[in-house]
Amino acid sequence: MRGEKTSVKVRAVRDRRGGLIAMVLGLSLLVTACGGGGGGTSEEGQKPGAASGQKAKASEATVRITPKDGADGVATSGVLKILAEKGKLTSVEVKDSEGNEVAGKIVDGGASWQPERQLATATKYTVDAVAEDGEGRESAENSTFTTVVAADTFIGYFTPEDGSTVGVGMPVSINFNRAIADREAVAGGIEVTAKPKVEVKGHWFGDRRLDFRPENYWKPGTKVTLSLKLNGVEAADGVYGTQSKDVSFTVGRSMVSVADAKKKTMVVKRDGKTVKTLPITAGAPETTTWNGKMVVSEKHKVTRMNGDTVGFGGEYDIEDVPHAMRLSNSGTFVHGNYWAGKATFGSTNVSHGCVGLFDQRGGNDKSTPAAWFFDNSMIGDVVEVRNSQDKTIAPDNGLNGWNMDWSEWGAEG
């Protein structure tokens, strides 16, 4: 800033030395007026520089991060903790080496931060956290650590396929390649959501299979998404998941067919309306058909059926079975039958537990009941068998969890 004008009277001195002194004094007065230095005072009457000479007080808040900086072999869950003491967290950022941010939230009024899910294995993470005290003064802390390298891994094989369109009975079924000891941790890394929204619950069948479904069949048009966030989930001692992906499928039109073993007919309903009534043959008295709700899990235009594969050793081995659709793991199909006379269908039960429809060998005759049913069916459609002299099929025999009451579904299996 510019100094104020100051009048200075100096007594003239004739010798050179006196003149030099007068000039210096005048310059000193001018500088004092301009910069406020020397022995002057500020407008408040304090000595200049008194306030700036005081040291700023440090924040009382501190950030504590576990694991410590440089840690290696860190567990993927339960170890990362970020806490604020004598203050509250205002910012927390956790990123992997590729810059992907770990989702989490500040909780307990700013006292701590929690990740939404487990960390990935064999990954380097960086933590940057800031806290402030009651006066708004901030302090920061950071840490870098690397998670454990898995001694072994597991994956889940899921159905239905990504991008597929399925029937209203299709559950989400995941089969794991290893036994799952910590089911809660694994289930916590899996989410199934639907639009329009509906409650979906999971149920364990043993230690290798986890299925999800709503209380009733899906509504046609529903979009279902399976989110697998298993990377870093410890399923058993030293066994970690590797999958991190989303898959989606669409529920198509509703087709539910009721096969009545007593009447020997199958009524096909499309979106609640009867579109066809087909004559059938069900299981013979000594090899009855399961009762219950069964979901189509496979479709084969032509296949071979050998009794050896399903416990009927030597009783049958039939080539070129047309229009076969699997209903159970134990060998129940709805399929075309070319070896029984046409008069059998609708009048006599002669099968080894399957639901048979009249057909021609090879499956090339589009006019047969079996061909029509096959062409109008999709994976996930439902066949409900009633009035058979047999018990209800087990819910884990195929994709048939609909045979378990909703109150039991979700309980530990």
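Below is a summary of the structure that appears in this document. Computed from a predicted structure; not experimentally measured. (Residues numbered from 1 in each chain as written. Predicted model: local features only at pLDDT ≥ 70, side-chain atom pairs only at ≥ 80, totals over all residues. Heavy atoms only, no water.)

1. Points about a negative patch on the surface
A cluster of acidic side chains, namely Asp 182, Glu 184, Glu 234 and Asp 237, defines a negative patch on the protein surface. Here Glu 234 is to be found in strand β16 (residues 234-236). (Patch = residues over 30% accessible without salt bridge, like charges linked within 9 Å, V, L, I, M, F, W, Y side chains within 5 Å. Areas by Shrake-Rupley, 256 points an atom, 1.4 Å probe, with all protein chains shown as cover. Salt bridge = Lys/Arg side-chain N within 4 Å of Asp/Glu carboxyl O. Lys, Arg positive; Asp, Glu negative; His and termini not counted. Charge placed at Lys NZ, Arg CZ, Asp CG, Glu CD. Helix = DSSP H or I, 4+ residues; strand = E, 2+ residues; numbered from the N terminus.)

2. Thoughts on the nonpolar core
Among the nonpolar cores identified, the biggest contains 32 residues, and Phe 176, Val 186 and Ile 190 are the most heavily contacted of them. Secondary-structure elements contributing two or more residues to this core are β11 (172-176), β12 (190-195), β14 (209-213), β15 (223-229) and β18 (244-251). Here Phe 176 is in contact with Phe 154, Ile 155, Gly 156, Val 186, Ile 190, Trp 204, Arg 208, Arg 209, Leu 210 and Leu 230, once residues within four sequence places are set aside. Counting residues in each nonpolar core, the second largest holds 20 residues, with Val 63, Ile 65, Ala 71 and Trp 113 among its members. (Core = buried A, V, L, I, M, F, W, Y, C linked by side-chain atoms within 4.5 Å. Buried < 20%, exposed > 50% of the residue type's maximum accessible area, 1.4 Å probe, protein only. Contact = heavy atoms within 4.5 Å.)

3. Points about the sheet that holds strand β7 (residues 138-146)
Strand order in the open sheet formed by three strands is β3-β6-β7, and the pairing between neighbours is antiparallel. Of all the strands in the sheet, the pair left with one neighbour each is β3 (88-96) and β7. For this sheet the average axis-to-axis angle between neighbouring strands, irrespective of direction, equals 15 degrees. (Pairing = 2+ DSSP bridges. Axes fitted to C-alpha atoms, helices over the stretch in contact; angles between N-to-C directions.)

4. Re the sheet that holds β16
Ordered in space as β8-β17-β16, the three strands form an open sheet in which the pairing is mixed. Only two strands of the sheet have a single neighbouring strand rather than two, namely β8 (152-154) and β16. Each adjacent strand pair in this sheet contributes to an overall mean axis angle of 40 degrees, direction not counted. As paired strands, β8 and strand β17 (residues 239-241) are joined by three bridges and run parallel to one another. Looking at the pairing, Phe 154 lines up with Gly 241 of β17.

5. Overview of the pattern of salt bridges
Summed over all chains, the structure comprises 12 salt bridges. Arg 178 is the salt-bridge partner of Asp 152, the closest N and O atoms lying 3.0 Å from each other. Taken together, the residues Asp 152 in strand β8 and Arg 178 in the loop between β11 and α2 (183-188) connect sequence positions 26 residues apart. A residue is classified by how much of its surface remains accessible, and Asp 152, at 30% relative accessible area, is partly exposed. The residue Arg 326 makes a salt bridge to Glu 298 at a minimum N-O spacing of 3.3 Å. A residue pair is termed long-range when its members are at least 10 positions apart, and Arg 326 in strand β24 (residues 317-326) and Glu 298 in strand β23 (residues 298-306) qualify at 28 residues.

6. Considering the environment of Ile 174
Looking at the element boundaries, Ile 174 is found in strand β11. For Ile 174, a relative accessible area of 1% puts it in the buried group. As a C-alpha pair, Ile 174 and Arg 209 span 35 residues in sequence and 5.7 Å in three-dimensional space. Ile 174 has contacts with Gly 156, Tyr 157, Phe 158, Ile 190, Arg 208, Arg 209, Leu 210, Asp 211, Phe 212, Leu 226 and Leu 228, leaving out every residue within four places of it along the chain.

7. Section: the packing of aromatic side chains
With the rule as written, the count across this model stands at seven aromatic pairs. Relative to Trp 204, the ring of Phe 176 has its centre 5.7 Å away and its plane inclined at 25 degrees; by these criteria the two rings are stacked. With Phe 176 in strand β11 and Trp 204 in strand β13 (residues 201-205), the pair connects residues that are 28 residues apart, well separated along the chain. Each member of the pair, Phe 176 as well as Trp 204, is classed as buried. Seen in terms of ring centroids, Tyr 217 and Trp 402 are 4.9 Å apart; in terms of plane orientation they differ by 75 degrees. Their pairing is edge-to-face. Of this pair, Tyr 217 sits in the loop between β14 and β15 while Trp 402 sits in the segment after β27 (382-386), placing them 185 residues apart in sequence. We classify Trp 402 as buried; its relative accessible area is 8%. Through pairs of rings, three or more aromatic residues link up here, namely Phe 154, Phe 176 and Trp 204. Its guanidinium or amino end placed over the ring of Trp 406, Lys 201 lies 4.3 Å from that ring's centre, counting from NZ or CZ. The cationic tip of Arg 213 hangs over the ring face of Trp 409; the distance from NZ or CZ to the ring centre is 4.5 Å. (Phe/Tyr/Trp six-rings, centres within 6.5 Å; stacked < 30°, edge-to-face > 60°. Lys NZ or Arg CZ within 6 Å of the ring centre and 35° of its normal.)

8. Focus: unusual backbone geometry
Note the cis peptide between Thr 159 and Pro 160, where omega equals 10 degrees. Within the element layout of this structure, Pro 160 appears in the loop between β9 (156-159) and β10 (165-166). The backbone of Lys 264 shows a phi angle near 65 degrees, a positive value even though the residue is not glycine. Its location among the elements puts Lys 264 in the loop between β19 (255-260) and β20 (265-270). What makes Lys 264 buried here is its relative accessible area of 17%. Here the phi dihedral of Asp 320 falls at roughly 55 degrees; this positive angle occurs in a residue that is not glycine. In this structure, Asp 320 sits in strand β24. Judged by relative accessible area, Asp 320 falls into the partly exposed class, the value being 30%.

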